[in-house]
Amino acid sequence: MEDIEDRIIKIDIETEMKTAYIDYSMSVIVSRALPDVRDGFKPVHRRVLYAMNEMGNVYSQPTRKSAKAVGEVLAKYHPHGDSAVYMTLVRLAQPWNLRYTLVDGQGNFGSVDGDSPAAMRYTEARLTELAGEMLRDIDKETVDFQNNFDDTTQEPTVLPTRFPNLLVNGASGIAVGMATNMAPHNLRECIDGCVAYIDAGGALEVADLMRYIKAPDFPTGGFIYGYAGVKEAFETGRGRIVLRARTEIETDSNGRENIIVTEIPYQVNKAQLVSDIAQLVNERRIEGISNISDESSGKGGMRIVIEVKRDANASVVLNHLFKLTPLQSYFNVNNIALVKGRPCLLNLKQLIGEFVDHRHDVVRRRSIFDLRKARERAHILEGLLIAVDNIDEVIHIIRSSENAQEAQERLRERFELSELQARAIVDMRLRALTGLESDKLRAEFDELMKTIQYLEGLLADDNLLMQVVKDELLEVKEKFGDPRRTEIVFSSEEFNPEDFYADDEMIITISHLGYIKRTPLRDFRSQARGGVGSKGSTTREEDFIEYIYSASMHATLLLFTTKGRCFWLPVYKIPEGAKSTKGRAIQNILNIEADDRITACIRIKKLQKDPEFVASHYLVFATLQGMIKKTPLEAYSNPRSKGVFAIKLNEGDSVVSVRLTNGKTEILLANKGGRAIRFPESKVRSMGRVTTGVRGMILDEGGEDAIVGMVALKDPEKETILVVSECGYGKRTTLDSYRITNRGGKGVKTMQITEKTGSLVDFRSVTDELDLMIINRSGVAIRMPMSSINVIGRATQGVKLINLSSRGDEIASVCIVASEEAEAEKALLKEGASDEEVNLTSEIDSNDYEEIEDDLQEQQSKTEEDKTE
């Protein structure tokens with residue numbers, strides 16, 4: 001009994017509980033719940049990828065049963081439950097959870113509705129090609145290894161990832177006393193930030209890095225609403241980001257409005273979202289919804305249709321949905337990761353810095369490994385070359401030796417070889433004695449010496465080492481980078497939204513019923529003159545594209561209505577849409593009266609940033625009844641949400657065209673009947689905003705004539721006058737054909753108007769460096785080089801620009817954009833872009849007519865099928 005009592009160690013229960021709990025806490029923090037800052041992985045993720053790589057379950061091989069991968073992980077690396085390992089593998093394959101998936105799954109891997117995946121015996125998986133970049137060079141001693149749980153094999157303590165996975169895919173985990181919740185980001189942006197950090201030698205601050213990494217980029221898309229939370233998260237490591245679903249308001253054939261949800265916030269369960277909305281409607285907490293249906297499909301993507309009652313306002317209903325449902329949710333950033341085994345709260349600069357240091361260490365260790373292997377091989381080759389040069393004597397020594405050991409000893413003594421070299425000579429095959437094999441040995445030796453020299457220089461020069469890190473990052477970006485999915489909506493009071501949009505060139509279209517959108521110019525491909533065009537917009541049967549303008553993302557549009565009001569609209573605030581989409585009602589963006597509509601547009605790059613430019617320029621107005629007015633641009637430089645009066649109009653008159661001038665240009669006006677007049681701008685005195693103006697051109701009697709266009713000449717030596725008729729005819733005419741007169745005259749003939757040509761619909765000044773874009777009332781768009789349009793006399797009817805006969809169609813709108821060559825030049829000189837009116841650029845293969853015709857035939861076939869249905 002005394003022996004038993006002697007073996008009992010008495011301890012304080014409070015102390016033991018504290019010690020045990022701390023040990024448990026640290027085990028959870030370090031070995032389970034928190035990711036490593038270097039590769040962004042918890043141990044279980046790292047073990048899944050490493051095990052699959054070791055068993056050859058990679059992207060270049062067929063998929064294998066998931067159960068095989070799970071069994072490999074459990075048997076060698078992760079002594080926990082199989083469901084934990086399988087769910088880890090499943091999440092790595094879910095594109096709505098990971099921004100860039102690392103496992104390629106085949107079978108049922110769950111859904112965004114929260115459905116469970118199939119059992120691992122049914123599904124198959126393999127690593128993606130991007131996952132291969134995380135494991136590349138792991139066999140070259142680039143990272144440390146440790147014994148597994150039973151000391152039977154080894155596993156890596158970190159992966160030598162070639163991209164910042166922690167930033168790119170984010171992470172989440174709940175430890176003891178702390179948790180992490182890191183947002184995913186765009187791969188291109190993250191690598192651009194890393195490259196900038198390397199170029200600056202680590203001297204960049206968070207604000208500088210935010211120029212490259214703009215905000216998190218979630219796999220489910222949607223919007224980041226407001227930037228304050230993003231800024232706080234980047235600067236401190238903690239912040240609250242507001243996420244909103246991507247929605248649009250559509251009007252169906254019955255005139256009822258529907259709210260269409262195409263993207264939802266990150267980590268929102270779609271089925272639960274639909275259920276929550278339905279419950280709120282049943283509880284009468286949200287009024288105005290008649291039905292909700294989930295029309296999502298694998299091919300068509302996500303589409304939730306919320307039908308709004310006739311007497312309800314769709315915008316008001318949508319605001320209630322944002323307030324009461326997960327259509328607006330929050331992502332609470334908490335950037336806690338393990339740095340040298342200790343949990344740390346990290347800002348954006350620290351995250352990038354830790355990754356760059358890791359990559360530097362990986363490249364250095366890989367170079368040391370490659371150098372050692374190269375030296376070892378070169379050492380062997382040195383011995384083989386000595387043997388080849390003295391082959392007769394070597395053969396004699398080997399043949400006269402009793403065994404291999406004696407042959408090795410005699411060779412070492414005779415030629416002063418190492419043990420490795422002597423063994424390699426004895427093991428050498430007879431084919432190495434041929435002249436060809438001898439030359440190969442010498443070539444291999446020479447190449448190895450170059451490699452050794454390069455690797456020695458690389459290890460001696462840290463700048464060269466960092467250049468390798470940078471080059472490999474750019475390689476990954478080029479191969480796997482993709483555009484942002486999550487759009488950022490900035491609050492104007494926070495900071496300048498223009499800083500977060502590339503100054504890309506856009507086509508802005510406004511339909512007859514007042515729907516506006518912007519589409520990247522690159523979506524419009526060039527065609528030959530006389531082509532049929534490609535489908536440009538899907539509108540209602542009674543609607544058509546009426547106006548088409550060109551502008552860059554950083555430009556401000558001054559929009560003028562038929563009633564003579566002026567509104568301001570930055571291009572980036574216009575909703576973006578594909579060529580085939582309708583756009584958004586302009587009344588939902590601007591405070592335009594229901595019976596008013598846009599009729600003219602001026603694009604200015606820096607309306608409020610360049611007072612000198614604003615003070616030296618004018619806006620010249622032309623009206624339907626032939627009136628003309630000039631007002632300083634400064635009078636329109638202070639935007640107001642409700643707009644301002646731009647011109648005072650007579651009864652029955654309306655604004656036709658507005659042009660930006662420098663006060664020294666020449667003005668040309670043209671009417672529907674095909675006449676034009678030319679006079680100096682100086683003949684029109686400057687007036688205030690709320691004035692009518694003076695007579696610009698006398699119209700034909702009868703009341704049906706009207707002004708169709710106005711030109712403000714900038715370079716009379718290069719410009720020609722383009723005229724387009726409503727039936728698709730057009731031509732160019734030299735300016736010399738139009739004599740300079742006083743304003744208020746009848747002008748001269750600018751086009752021979754016939755029944756075949758129809759009335760004049762557009763009148764512009766152009767040069768050979770431009771392209772012409774035409775949109776018909778049916779929504780079909782065509783783009784052609786201006787140089788393909790003939791320069792002929794004033795009194796001719798011109799040539800056919802677009803074939804309308806097959807459609808019984810008419811031209812709705814005409815726009816001038818820069819040619820492909822001009823866009824390429826602008827891409828190089830974008831830094832020095834002019835502050836004046838922005839010209840568009842594009843990079844399109846104008847000779848790719850066969851592909852365009854194929855696209856058109858496919859679109860027409862699809863349209864006919866839809867009509868048949």
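Keep in mind that this is a model prediction, so the values were computed, not measured.

## Details of the overall build of the chain
Scanning the chain for helices and strands turns up 21 helices and 41 strands. Split into buried and exposed, the 869 residues of the chain put 50% on the buried side. Put simply, 73% of the contacts in the chain that link residues at least 6 apart link residues at least 24 apart. For the chain, the exposed surface amounts to about 41200 Å²; the carbon and sulfur share of it is 46%.

## Considerations on helix α12 (residues 314-324)
When we look at burial in α12, the residues that qualify are Ala314, Val317, Leu318, Leu321 and Phe322. Viewed end-on, α12 has its buried residues packed into an arc of 140 degrees, placing them on one side of the element. The backbone nitrogen of Ser315 has a side-chain oxygen 2.8 Å away, supplied by the residue at the start of α12, namely Asn313.

## Quick look at the sheet that holds strand β32 (residues 694-695)
Spatial ordering of the open sheet is given by β29-β26-β27-β32, a layout of 4 strands whose pairing is antiparallel. Across the chains shown, the open sheet's two edge strands, defined by having one partner strand only, are β29 (655-661) and β32.

## As for a nonpolar patch on the surface
A cluster of nonpolar side chains, Ile22, Met26 and Val30, forms an exposed patch at the surface whose accessible area comes to about 240 Å². Inspection of the secondary structure puts Met26 in helix α2 (residues 13-33). With a relative accessible area of 39%, Met26 lands in the partly exposed category.

## Some details on the packing of helix α8 (residues 187-199) against helix α18 (residues 462-480)
Look at α8 against α18: their axes get within 10 Å of each other, and the N-to-C directions meet at 165 degrees. In terms of axis orientation, α8 runs roughly antiparallel to α18. The interaxial crossing formed by α8 with α18 has left-handed handedness. Counting all contacts with α8, which are made through Leu187, Arg188, Ile191, Asp192, Cys194, Val195, Ile198 and Asp199, the residues of α18 involved are Met466, Val469, Lys470, Leu473, Leu474, Val476, Lys477 and Phe480.

## Observations concerning the UniProt feature "active site" (unreviewed entry) in the chain
As recorded in UniProt, the sites labelled "active site" (unreviewed entry) are Tyr122. Within the secondary structure, Tyr122 is located in the loop between β2 (103-106) and β3 (124-127).

## A word on the environment of Ala555
Of note, Ala555 is situated in the loop between β21 (545-552) and β22 (556-561). Judged by relative accessible area, which is 1%, Ala555 ranks as buried. Spatially, the C-alpha atoms of Ala555 and Glu505 are 9.7 Å apart, while their sequence positions differ by 50 residues.

## Quick notes on the nonpolar core
Counting 107 residues, the largest nonpolar core has Leu49, Leu102, Leu348 and Ile352 as the members making the most contacts within it. For this core, the element with the most residues is helix α13 (residues 348-389), which contributes 15 residues. Taken domain by domain, this core gets at least three of its residues from each of domain 1 (41-160) and domain 3 (374-483). Look past the residues within four positions of Leu49 in its chain and what remains in contact with it is Phe41, Leu92, Leu102, Leu127, Ala131, Met134, Leu135 and Leu159. Judged by nonpolar contacts, the second largest core, of 23 residues, contains Ala245, Leu280, Val317 and Leu318.

Reading guide: rules and limits
- Residues numbered from 1 in each chain as written.
- Predicted model: local features only at pLDDT ≥ 70, side-chain atom pairs only at ≥ 80, totals over all residues.
- Heavy atoms only, no water.
- Helix = DSSP H or I, 4+ residues; strand = E, 2+ residues; numbered from the N terminus.
- Buried < 20%, exposed > 50% of the residue type's maximum accessible area, 1.4 Å probe, protein only.
- Contact = heavy atoms within 4.5 Å.
- Areas by Shrake-Rupley, 256 points an atom, 1.4 Å probe, with all protein chains shown as cover.
- Arc of directions from axis to C-beta.
- Polar contact = N/O pair within 3.5 Å; in protein donor to acceptor, adjacent residues only side chain to side chain.
- Pairing = 2+ DSSP bridges.
- Patch = residues over 30% accessible without salt bridge, like charges linked within 9 Å, V, L, I, M, F, W, Y side chains within 5 Å.
- Salt bridge = Lys/Arg side-chain N within 4 Å of Asp/Glu carboxyl O.
- Axes fitted to C-alpha atoms, helices over the stretch in contact; angles between N-to-C directions.
- Parallel < 35°, antiparallel > 145°, perpendicular 65-115°, else oblique.
- Left-handed = near helix turned anticlockwise from the far one by under 90°.
- UniProt positions renumbered as here; feature names shortened; annotations may be inferred.
- Core = buried A, V, L, I, M, F, W, Y, C linked by side-chain atoms within 4.5 Å.
- Domains from an automatic or database assignment.

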